[in-house]
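Geometric and topological summary
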Amino acid sequence: MPVLPPMPRPEQIMVLPPELRTQFQAQVIDPGGSQRARLERLAGFLFKKTGLGMEYTVDPTYTVAEAFRTRKANCLTFTLLTVALAREAGLQAYGQELLDVVSWRAEQDVVYGFNHVNAGILIGQSHYTIDVARDLLVARSPPERISDEHLLALYYNNRAAELIVSASPAVADEYMAMALQLAPRYASAWVNAGVLNLRKGDRAAAERDYLKALALSPENGSALFNLVTLYRDSGDQAKRAFYEGRLEKVQEKDPYFEFVQAEGNERKGDYAAAVQHYRRAIRLYDKEPRFYLGLARAYQQLGEQRQAERALNRAATLSSSTAGN
């Protein structure tokens, strides 16, 4: 296993490397102009090859310095980078969280909790959003502004979840502790703390963490899912049934959970079940093109070409509509 660098302190995560600051000064700040002009140059600097040419990646979560070195970023890293650069340019910038677009990750019968984030910028009375995953996500409600402490907590929460899978629970410990220190009322962090304790063999601590997440967020699907799994494995049928009932009520209202279930069915080759879950997701929310794309894939695997084409056409229509907004 490769030796990992020490955990960065909160004040280190958004620090701009000298080379990045110099390049940014020359390309974005020095040309002058209005704040709107600086914002437009900032967006170009982030995406164009003449600037950073950032590429989207799901994992891992980087600091700003690591993102500059690799030119890769997931939604959280991209938000950290954008906020840091916008502030360097004298703009009022902050993190934003989309609470109804949950990114679930299922690994070995447990579910990790993540929320999508992007960068908000305020110029006068106008609010702007920069989002590296803007073409991948459709939110049902506007993003909510979050504090720097919460944004940094998301960094440590993400890294902890990544390290549980790629390294070891012991390596993830300090990241998880820092996430909870910065945002003790963040339910998804408590879910991931439970996953971490479960991987360490402490089922009682995992149960406490999942229940803490539910106390903070009573309809937290990942906490409920993990509790159901925990009680199923321990043989506690009464508690399993109780939380299974709560989970079913949440699932009935959550299209994104259905989407994750469908993707899991696809990976297992159970395309008929995938179709059912994609269709349920669409019934709950019919404005998400990814639901239709997944449905099309599943139909194609089942040889139902006409149904697949209809789903693809709907996905294209929704994608075109989203791009125009």
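Basis of the calculations
- Residues numbered from 1 in each chain as written.
- Predicted model: local features only at pLDDT ≥ 70, side-chain atom pairs only at ≥ 80, totals over all residues.
- Heavy atoms only, no water.
- Helix = DSSP H or I, 4+ residues; strand = E, 2+ residues; numbered from the N terminus.
- Rg over C-alpha atoms; globule rule 2.2 N^0.38 Å.
- Buried < 20%, exposed > 50% of the residue type's maximum accessible area, 1.4 Å probe, protein only.
- Contact = heavy atoms within 4.5 Å.
- Areas by Shrake-Rupley, 256 points an atom, 1.4 Å probe, with all protein chains shown as cover.
- Salt bridge = Lys/Arg side-chain N within 4 Å of Asp/Glu carboxyl O.
- Patch = residues over 30% accessible without salt bridge, like charges linked within 9 Å, V, L, I, M, F, W, Y side chains within 5 Å.
- Lys, Arg positive; Asp, Glu negative; His and termini not counted.
- Charge placed at Lys NZ, Arg CZ, Asp CG, Glu CD.
- Expected span 1.5 Å × (residues − 1).
- Phe/Tyr/Trp six-rings, centres within 6.5 Å; stacked < 30°, edge-to-face > 60°.
- Axes fitted to C-alpha atoms, helices over the stretch in contact; angles between N-to-C directions.
- Parallel < 35°, antiparallel > 145°, perpendicular 65-115°, else oblique.
- Left-handed = near helix turned anticlockwise from the far one by under 90°.
- Nonpolar A, V, L, I, M, F, W, Y, C, P; charged D, E, K, R; others polar.
- UniProt positions renumbered as here; feature names shortened; annotations may be inferred.
- Core = buried A, V, L, I, M, F, W, Y, C linked by side-chain atoms within 4.5 Å.

**Points about the overall build of the protein chain**
Helix and strand counts for the protein chain come out as 14 helices and six strands. Compactness check: the protein chain gives a C-alpha radius of gyration of 21 Å against a globular reference of 20 Å for 325 residues, within 12% of the reference. Here the protein chain, with 325 residues, has 50% of them falling under the buried criterion. Across the protein chain, contacts joining residues at least 24 apart in sequence account for 60% of those joining residues at least 6 apart. As presented, the protein chain carries roughly 15500 Å² of accessible surface, and 49% of it is formed by carbon and sulfur atoms.

**Points about the pattern of salt bridges**
Per the stated rule, a full pass over the model turns up 15 salt bridges. In this structure, Arg36 and Glu40 form a salt bridge, with 3.2 Å as the shortest nitrogen-oxygen distance. In this pair, Arg36 and Glu40 are both assigned in helix H2 (residues 35-47), four residues apart and thus about one turn of the helix distant. Shared partners join several salt bridges into a network, and the residues in it are Lys49, Glu55 and Lys72.

**Some words on a positive patch on the surface**
Residues Arg279, Arg283, Arg306 and Arg310 make up a contiguous surface patch of positive charge. Those elements that provide at least two residues to the positive patch are helix H12 (271-284) and helix H14 (305-323). Structurally, Arg283 is set in helix H12.

**So, helix H5 (residues 148-166)**
Under the 1.5 Å per step criterion, the end-to-end length of H5 is 27 Å for 19 residues, consistent within 8% with the ideal 27 Å. For H5, the buried fraction is high: 15 of the 19 residues fall into the buried class.

**As for the packing of aromatic side chains**
All told, the structure shown has eight aromatic pairs when counted by the stated rule. A centroid spacing of 5.7 Å and a plane angle of 25° characterise the contact between Tyr231 and Tyr243, whose relative ring orientation is stacked. Taken as a pair, Tyr231 in helix H9 (residues 221-234) and Tyr243 in helix H10 (residues 237-251) lie far apart in primary sequence, 12 residues in all. Tyr243 shares its class with Tyr231; the two are buried.

**Comments concerning unusual backbone geometry**
In this structure, Arg71 is a non-glycine residue whose phi angle is positive, near 60°. Turning to its location among the elements, Arg71 is positioned in the loop between helix H3 (64-70) and strand E2 (72-73).

**Brief notes about the packing of helix H6 (residues 169-182) against helix H7 (residues 187-199)**
Interaxial distance between H6 and H7 falls to 10 Å at its minimum, and their mutual angle equals 155°. When the axes of H6 and H7 are compared, the pair comes out roughly antiparallel. The hand of the H6/H7 crossing is left-handed. Note on element contacts: H7 touches H6 through Ala189, Trp190, Asn192, Ala193, Leu196 and Arg199, opposite Pro169, Ala172, Asp173, Met176 and Leu180. Across the contact of H6 with H7, the residue classes break down as eight nonpolar, one polar and two charged.

**Describing the UniProt feature "repeat: TPR" (unreviewed entry) in the protein chain**
Under the UniProt annotation, the feature "repeat: TPR" (unreviewed entry) is placed at residues 187-220. With 79% helix and 0% strand, residues 187-220 has its two end C-alpha atoms placed 8 Å apart.

**Examining the side chain of Thr79**
With respect to the helices and strands, the residue Thr79 is situated in helix H4 (residues 75-88). Each residue touching Thr79, except ones within four places of it in the same chain, is listed here: Gly95, Val117, Asn118, Ala119 and Leu151.

**Quick look at the nonpolar core**
Counting residues in hydrophobic clusters, the biggest one holds 77 residues, and the most contacted among them are Leu20, Leu42, Leu52, Leu80, Leu85 and Ile121. Each residue touching Leu20, except ones within four places of it in the same chain, is listed here: Phe45, Leu52, Val64, Phe68, Leu81 and Leu85. The next biggest cluster of nonpolar side chains, apart from the first, holds 19 residues, and it includes Ala274, Val275, Phe291 and Ala315.

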